[in-house]
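Per-entry structural report
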2 protein chains.
Amino acid sequence: MNGTHAETSKTMRLSAEQMPVGVEVDCGSHVVTEDQIVEFASLWDPQYFHVDQEAAVHSDFGGLIASGVHTTAIFQRLAATGVYRKYDVIAGKEIHNLRFLRPVRAGDVLTATLLVQSVEPDGPGRCLVTIHGSLHNQHGRPVLELEVDSLLRSETAIRRSSATSR
Amino acid sequence: MNGTHAETSKTMRLSAEQMPVGVEVDCGSHVVTEDQIVEFASLWDPQYFHVDQEAAVHSDFGGLIASGVHTTAIFQRLAATGVYRKYDVIAGKEIHNLRFLRPVRAGDVLTATLLVQSVEPDGPGRCLVTIHGSLHNQHGRPVLELEVDSLLRSETAIRRSSATSR
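Residues numbered from 1 in each chain as written. Chains lettered and ligands numbered in written order. Predicted model: local features only at pLDDT ≥ 70, side-chain atom pairs only at ≥ 80, totals over all residues. Heavy atoms only, no water.

**Digging into the overall build of chain A**
What counts here: Secondary structure follows DSSP: runs of H or I at least 4 residues long count as helices, runs of E at least 2 residues long count as strands, and numbering of each begins at the N terminus. Only protein chains enter the calculation, and the probe is 1.4 Å; a residue is then buried if its accessible area is under 20% of its type maximum, exposed if over 50%, and partly exposed in between. Here, two residues are considered to be in contact whenever any of their heavy atoms come within 4.5 Å of each other. Each accessible area value is a Shrake-Rupley result obtained with a 1.4 Å probe; residue values ignore everything except the protein chains displayed when judging cover.
Across its full length, chain A carries six helices and five strands. Starting at the N terminus and ending at the C terminus, chain A contains elements arranged as α-β-α-α-α-α-β-β-β-β-α. Out of the 166 residues in chain A, the part that is buried amounts to 49%. Intrachain contacts of chain A at a sequence separation of at least 6 include 70% that bridge at least 24 residues. Put simply, chain A shows about 7600 Å² of open surface, and 51% of that area lies on carbon and sulfur atoms.

Structure, rendered in structure tokens:
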């Protein structure tokens with residue numbers, strides 16, 4: 001039963017060819033808190049300017065800033081819920097030019113946008129999808145930009161899967 | 001008192017010029033668990049093959065795999081504790097060519113290595129440090145590679161800071 005359910009929901013996911021090439025998609029916003037900055041960095045990037053508020057006052061940014069990996073995770077959360085989960089994603093493959101453009105601080109509200117740049121065949125039943133993504137803060141200033149290559153199932157594979165299930 | 005302590009510990013951090021250019025540094029290992037994969041991805045990358053074990057059986061990898069952002073965070077944790085925390089880091093700037101080479105699964109033991117490729121002056125009192133990093137699994141196979149550009153304080157800035165404190 002569970003297997004059938006999973007296969008059904010899989011065939012309901014959109015194929016690579018249905019990605020909106022050239023359209024900028026608003027993936028929504030995320031509020032950054034001090035607890036979140038410290039909790040994330042304590043686990044994954046324990047440098048003083050991410051985890052120690054008193055010491056961070058003497059850093060170049062004059063206070064706590066979010067880890068770049070945390071900022072990247074915020075983009076991924078918004079991109080996954082806003083776009084990727086609707087599609088038949090196989091896996092992420094590569095991230096290019098991941099730029100940390102401005103410090104991210106507690107209280108910032110980050111909004112993600114995603115633009116599908118290209119969808120190209122990449123072997124049987126799959127495509128390489130390249131997106132450009134960015135996060136802007138509440139002042140409209142960019143804090144992160146990146147390009148991501150992912151592999152998605154193409155329509156051919158989905159037709160093959162439907163035929164098999166008859 | 002706290003300010004004095006923070007300033008003292010700052011001047012004890014190593015400068016950019018003290019980074020071991022050309023030497024591969026072993027940054028230790030991290031054990032990946034299923035709970036960690038699901039917990040990380042539930043927050044930051046909620047796609048079915050990262051968070052839903054039953055559905056993931058029907059994915060291309062036949063089971064749960066870690067989010068690429070999670071794998072990147074594991075590298076960052078090992079690099080921060082093994083190298084970055086000893087140095088006077090200003091901030092990360094850019095990540096190039098972040099490649100997810102193989103799936104990461106529960107039970108994998110990932111070992112990070114870091115190679116400082118170059119240390120170049122980048123404005124007054126700071127240097128741009130470029131590192132190549134990688135994670136290998138318990139079978140010695142690479143699962144992640146990346147290049148990171150970070151800004152670090154240079155010796156000039158540290159001398160200036162010492163002079164000021166007299």
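**Here's the deal with the interface of chain A and chain B**
Keep this limit in mind: Throughout, buried area stands for the accessible area (probe radius 1.4 Å) lost by two parts on being put together, summed over both. Take a side-chain nitrogen of Lys or Arg and a carboxyl oxygen of Asp or Glu: if they are within 4 Å of each other, that pair is a salt bridge.
Taken together, the contact pairs 45 residues of chain A with 45 residues of chain B. Taking both partners together, chain A and chain B bury about 4000 Å²; carbon and sulfur atoms supply 59% of that area. Taken together, chain A and chain B are joined by two salt bridges. If you list the elements that add at least two residues to the side of chain A that touches chain B, you get helix H1 (2-11), helix H2 (34-44), helix H3 (48-51), helix H4 (53-56), helix H5 (68-82) and strand E2 (89-100) of chain A.

**Quick look at the environment of Ser134(B)**
All names here are of chain B. So the rule is basically this: Two N or O atoms count as a polar contact when they lie within 3.5 Å, although within protein this holds only if one can serve as hydrogen donor and the other as acceptor, and sequence-adjacent residues are included solely when both atoms are side-chain atoms.
Its location among the elements puts Ser134 in strand E4 (residues 126-136). According to the relative accessible area criterion, Ser134 is buried, its value standing at 5%. Between the alpha carbons of Ser134 and Ala112 there is a distance of 5.6 Å; along the sequence they are 22 residues apart. Reaching out from Ser134, the side chain makes a polar contact with the side chain of Thr113 at a distance of 2.8 Å.

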